[in-house]
Structures are given as C-alpha cells and as structure tokens.
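Given next are the chains, with one letter for each unit.
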Amino acid sequence: MSAVPVSLGRAGDGPALPSPRPPTAPRQFHVLAKPTGPICNLDCTYCFFLSKEALYPGDRFRMGDDVLEQYVRQLLEAHRGASLVTIAWQGGEPTLMGVDFFRRAIELAESLKQPGQQLEHTIQTNGTLLTDEWCALLAEHRFLVGISIDGPPELHDAYRVDKRGEPTSAKVLRGLELLKAHGVDWNVLCTVHAANQHQPLEVYRWLRDELGATHVQLIPIVERDNGTGFQEGDRVTERSVDPEAWGTFLVTVFDEWLAHDVGRVFVPHFDAALASWVGAPASLCIFAETCGDAVALEHNGDLYSCDHFVEPAHLLGNLRETHLVDLLGSPQQRAFGAAKRDALPRQCLECDVRFACHGECPKNRFTAATDGDPHLNYLCPGYLAFFHHVDGPMRLMADLLRQGRYADEIGEVFARAPRNEPCPCGSGRKAKHCHGR
C-alpha cells in the first residue's frame, strides 16, 4: 500500500483537550461516525435514517479531511490511558466514501495514537459495494465488519431494496463471500420486522448454517409512522415488528441457541441477559440503567446524543468548535443519559425483570402503561416474555460462571438431568419435555 499523507491541517488546529478533564465526562465512550451522513446506495423501506438528509439541505454529505482529523485526534486524546480504542464507521453507507478515505483514516489514526493504545477498526455496511480492493484493506487492518442481512433472500428482499426497488440479497451475499475469501472478521446485523418476525428458526438457522455466522445481532424494527424520521408520535408503520412477535422470536431463537450454540454462536441479547443475571454491567446500552455514552458523529462534525436521536433537539455541538470530551460531559448530554433511568414509568419500576431490561431504549418508550403513563416501551410485552422465559437457564449459567466454570457447560447439566424429574431450568416441566430432550 502506498503512503498516504496524514498531515491534513496545521498542528494545534481545533479545540484542545480540556484540562482538567470535566468530571462529568465519561472515561470510556463510543462514537458512531457517519462519513456520508444518511446517504446510502440502497433504499431499505424501513430505514429511519434516510430522512435525516432533510437536516442538511443542499449538503454533499462527505466528511472532509478537516473533520476526519479532528475526530480521530479528539477520540484518541479522550481515551488517553486506554489500552484499546474503537474507531467505528456507519451510515448511510460508509463505503460510498471510497477506499482512499479509509486509507487516510487508518494512517491518520496510526500517526496520532497515544503510547500504549491499540486500535480496533469497525464498519457496518450493506455489503453491496465491497470489492477485492476493499476486502484487502479490511483484512490488512483487521477490521470487524458488520454486514446487514435479514435472513434468506425471500425475507431479506422484502424491505432491503435498491433505489429502483430491486432486491439486494444477491449483491449482499457476493460481498460476504469476498469478506470470507480475504479472511475478514465479520458478523451479521439482522433486523426483525413484519416480514420475517414469524420465521425465527428459519432466519437463525440460515444465518448460522448456510452463512456460517458466529455472531448475530438481532435488531427490532420500530418505525414511527409520522413522516419525519424523528422520535415522535405513538403510531408505528406496518413494517414494524409486533411486540409479542418480537418476544416469541427471541424466545424461539434462545431455545435453539441454548440447545446447540452456547459458547459457539454469540447473540448480544443473550450475552447481555447473562451479564444481568451475573450482576455484571450491561453489555448493551439498551439494557443499561442510564445511557449517554454512545454518540453519533455526522459528516460535518456535528455530534448528537445518540444514533437514534439525530435530531435538532439532541444536537450537542460541533467538534470543530468544542472538544468531544466537553460535549460528552455537557449538562445536556448527562441529562439525556440520566433520563433513561429517571423517566421510567411506575410499571417498569415495579417490574421483576427491571434489573435486566431497565426499560430498554428510550426511543421505543411511547405506549401507555397500565396506569396511563405514556412512556412505556412499545416492546415491553415481548421483553417481559423473553426475560421470564430465560430466567431458569440464566440462573444456571450464572451459577456455573460463579463456580469458575463455563456457561456452555449448561448442556451437560441438562443432559444429566433424570428425564422424569423436573427440568433444572425451573420451568416445572419434566426434563424430557423441556431442556432434557
């Protein structure tokens, strides 16, 4: 690879790292950078982010080198003393920036990293623009690539279409094959929506068995029906996942995972649940008690409170004018994060699985609770069913971990259970009719 200049501006340009560091600023935080803003080569019908183009009328939606340098410098400065720093790219479709942009970003990060820092590069893509050149770069710098696939072609293509409304699965799978051929580390982001919500096993088994996925993110589509793309109103589109179907989807996939894949396939919802039952910090921000430590960076340097709240009311400022650390520690952002806990309805406060859920993501809190409070999570019925269903197995796996053993030993626990005795999971059913099958 030829050398790429990394001196993109005068030394010292831009805001300096505040000293002393604001006490409200988190030591660890995550930035999701969007170098093309909402611009994408696809036109997925459920995508909430495409409408964000209206925030920047007439814009070219390409991150300039001045913003790139400020972002990378400030991110690395802010994590001084950290052994691992993640540089994450999303969109829109970030590969629209081209390979050379990412070559500059990588060399810039290498030139600016602090002593002792290791860099982790990640990118989320629809996979349709990947080439051998792209995959060689991703492999060389050990990118973790998330690729969006909603299941088998007939399910994926229901909503994931191009600008002409044509299916995209063939192009996505071609991109995935290139990633595999180059030895790139990849995982799947699978959204769950009205078109695939009733086929949990078909989706999961296809991703696992046909594609060979060992890391599967399941993301529920909750799309507000308001025409703005903002988090407003209490109606959802017909494409949105049904709350009960979401719960059934998680429960069904969990049972398949528990029977065959513990320790072999990683599903973040299940890992996060196990962390809660062990008493460890939440591994997903949606299940943390508070939030505010995962922000979204737009192409022009604007920083927003969250990827799901790229809206004028949640604009924190611009990193060309104010350092990331100051924006993360601002009263506005700290209040945003604390509201996740402080605005819970009574129904959540009294819930027996609050410790695992904490009301999930604030973006989904727009339905009425039993007492009329309008801030109950739309997906509450599904999560309630899921967390109750996994309680027994999670307790068993948590006990194994506390004993210094491995969670995947739960299979042996079930295998040793007498078939006519109650299942160790605590369901009350005989083992032969439950996990002892």
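The rules behind the values
Residues numbered from 1 in each chain as written. Predicted model: local features only at pLDDT ≥ 70, side-chain atom pairs only at ≥ 80, totals over all residues. Heavy atoms only, no water. Helix = DSSP H or I, 4+ residues; strand = E, 2+ residues; numbered from the N terminus. Rg over C-alpha atoms; globule rule 2.2 N^0.38 Å. Buried < 20%, exposed > 50% of the residue type's maximum accessible area, 1.4 Å probe, protein only. Contact = heavy atoms within 4.5 Å. Areas by Shrake-Rupley, 256 points an atom, 1.4 Å probe, with all protein chains shown as cover. Lys, Arg positive; Asp, Glu negative; His and termini not counted. Charge placed at Lys NZ, Arg CZ, Asp CG, Glu CD. Salt bridge = Lys/Arg side-chain N within 4 Å of Asp/Glu carboxyl O. Polar contact = N/O pair within 3.5 Å; in protein donor to acceptor, adjacent residues only side chain to side chain. Phe/Tyr/Trp six-rings, centres within 6.5 Å; stacked < 30°, edge-to-face > 60°. Lys NZ or Arg CZ within 6 Å of the ring centre and 35° of its normal. Expected span 1.5 Å × (residues − 1). Pairing = 2+ DSSP bridges. Axes fitted to C-alpha atoms, helices over the stretch in contact; angles between N-to-C directions. Core = buried A, V, L, I, M, F, W, Y, C linked by side-chain atoms within 4.5 Å.

Participant: Where do I start with the overall build of the protein in this structure?
Facilitator: The helix and strand inventory of the protein stands at 14 helices and eleven strands. Relative to the globule expectation of 22 Å for 437 residues, the C-alpha radius of gyration of the protein, 22 Å, shows essentially globular dimensions. In terms of overall dimensions, the protein has a C-alpha envelope of 75 × 50 × 45 Å along the principal axes. By the burial criterion, 54% of the 437 residues in the protein qualify as buried. The contacts of the protein with a sequence gap of at least 6 include a subset with a gap of at least 24, amounting to 69%. Surface summary for the protein: the accessible area is close to 19000 Å², and the carbon and sulfur share equals 51%. Looking at charge distribution, the protein has the averaged site of its 42 positive side-chain charges lying 3 Å from that of its 57 negative ones.

Participant: In this structure, what is going on with the side chain of Arg21? I would like to understand it.
Facilitator: Mapped onto the fold, Arg21 is located in the segment before β1 (30–33). With no salt bridge to any partner, buried Arg21 finds its closest opposite charge in Glu77, at an N-O distance of 8.8 Å. A polar contact is formed between the side chain of Arg21 and the backbone oxygen of Pro26, at a distance of 3.0 Å. Among the polar contacts listed, one links the side chain of Arg21 to the backbone oxygen of Ala78, at a separation of 3.0 Å.

Participant: Would you take a moment to explain the packing of aromatic side chains for this structure?
Facilitator: Geometry of an aromatic ring pair is reported as the spacing of the ring centres plus the angle between the planes. A full pass over the atoms with the stated rule returns 22 aromatic pairs. Their ring planes at 85° and their centres at 6.3 Å tell us that Tyr56 and Phe61 sit as a pair that is edge-to-face. There is no split in this pair, since Tyr56 and Phe61 are both buried. Both rings, one in Phe101 and one in Phe102, keep their centres 5.2 Å apart while their planes meet at 85°; by these two values the pair is edge-to-face. Given the relative accessible area of 2%, Phe101 is considered buried. Residue classification places Phe102 among the buried residues on the basis of a relative accessible area of 1%. The rings of Trp246, Phe254, Trp257, Phe270, Trp277, Phe287, Phe355, Tyr383, Phe386 and Phe387 are connected pair by pair, giving a single aromatic cluster. The ring of Phe49 has Lys34 lying over it, and the distance from NZ or CZ to the ring centre is 4.1 Å.

Participant: Please clarify how helix α1 (residues 65–78) should be interpreted in this entry.
Facilitator: Since the α-helix turns once every 3.6 residues, residues separated by three or four places project in the same direction. Over its 14 residues, α1 runs 20 Å from end to end, which matches the ideal 20 Å to within 8%, given 1.5 Å per residue. Every buried residue of α1 is accounted for by Val67, Leu68, Glu69, Gln70, Tyr71, Val72, Arg73, Gln74, Leu75, Leu76, Glu77 and Ala78. The inward-facing, buried residues of α1 contact β1, β2 (84–89), α2 (99–112), β3 (118–125), β7 (294–297) and α9 (324–328).

Participant: Would you take a moment to explain the sheet that holds β1 for this structure?
Facilitator: Backbone-to-backbone hydrogen bonds join strands into a sheet, with any given pair of strands oriented parallel or antiparallel. One open sheet accounts for nine strands, arranged β6-β5-β4-β3-β2-β1-β7-β8-β9; its pairing is mixed. The strands lining the two open edges of the sheet, one partner per strand, are β6 (216–220) and β9 (315–318). Here the strands of the sheet are splayed against their neighbours by 25° on average, with no regard to which way each runs. For β2 and β3, the ladder comprises six bridges, and the chain directions are parallel. Each residue of the ladder has a partner; that of Thr86, found in β3, is Glu120.

Participant: Any chance you could explain unusual backbone geometry here in plain terms?
Facilitator: Most peptide bonds take the trans configuration, and most residues that are not glycine carry a negative phi. With an omega of 0°, the peptide bond running from Ser19 to Pro20 counts as cis. Phi at His358 is positive, roughly 55°, even though this residue is not glycine. Summarising the element assignment, His358 is placed in the loop between α12 (354–357) and β10 (365–367). Judged by its relative accessible area of 13%, His358 falls in the buried class.

Participant: What is the right way to read the nonpolar core from this model?
Facilitator: Across soluble globular proteins, nonpolar side chains have a tendency to be buried as a group. Among the nonpolar cores identified, the biggest contains 106 residues, and Tyr71, Trp89, Leu179, Leu207, Leu218, Trp257 and Phe387 are the most heavily contacted of them. In terms of residue count, the dominant contributor to this core is helix α13 (residues 380–402) (nine residues). Core analysis: the next-biggest nonpolar cluster, separate from the first, contains six residues, Phe49, Tyr56, Phe61 and Val310 among them.

Participant: Explanation requested: the pattern of salt bridges in the structure shown.
Facilitator: Two side chains bearing opposite charge may form a pair once their charged atoms approach each other closely. Applying the stated rule across the entire model yields 23 salt bridges. Across the pair Asp100 and Arg103 runs a salt bridge, and its minimum N-O distance is 2.8 Å. Of this pair, Asp100 and Arg103 both sit in helix α2, three residues apart, which is roughly one turn of the helix. Asp100 gets classed as partly exposed once you look at its relative accessible area, which sits at 48%. For Arg103, a relative accessible area of 18% corresponds to the buried category. Via salt bridges that share partners, Arg205, Arg208, Asp209, Glu256, Asp261 and Arg264 belong to a single interconnected network.

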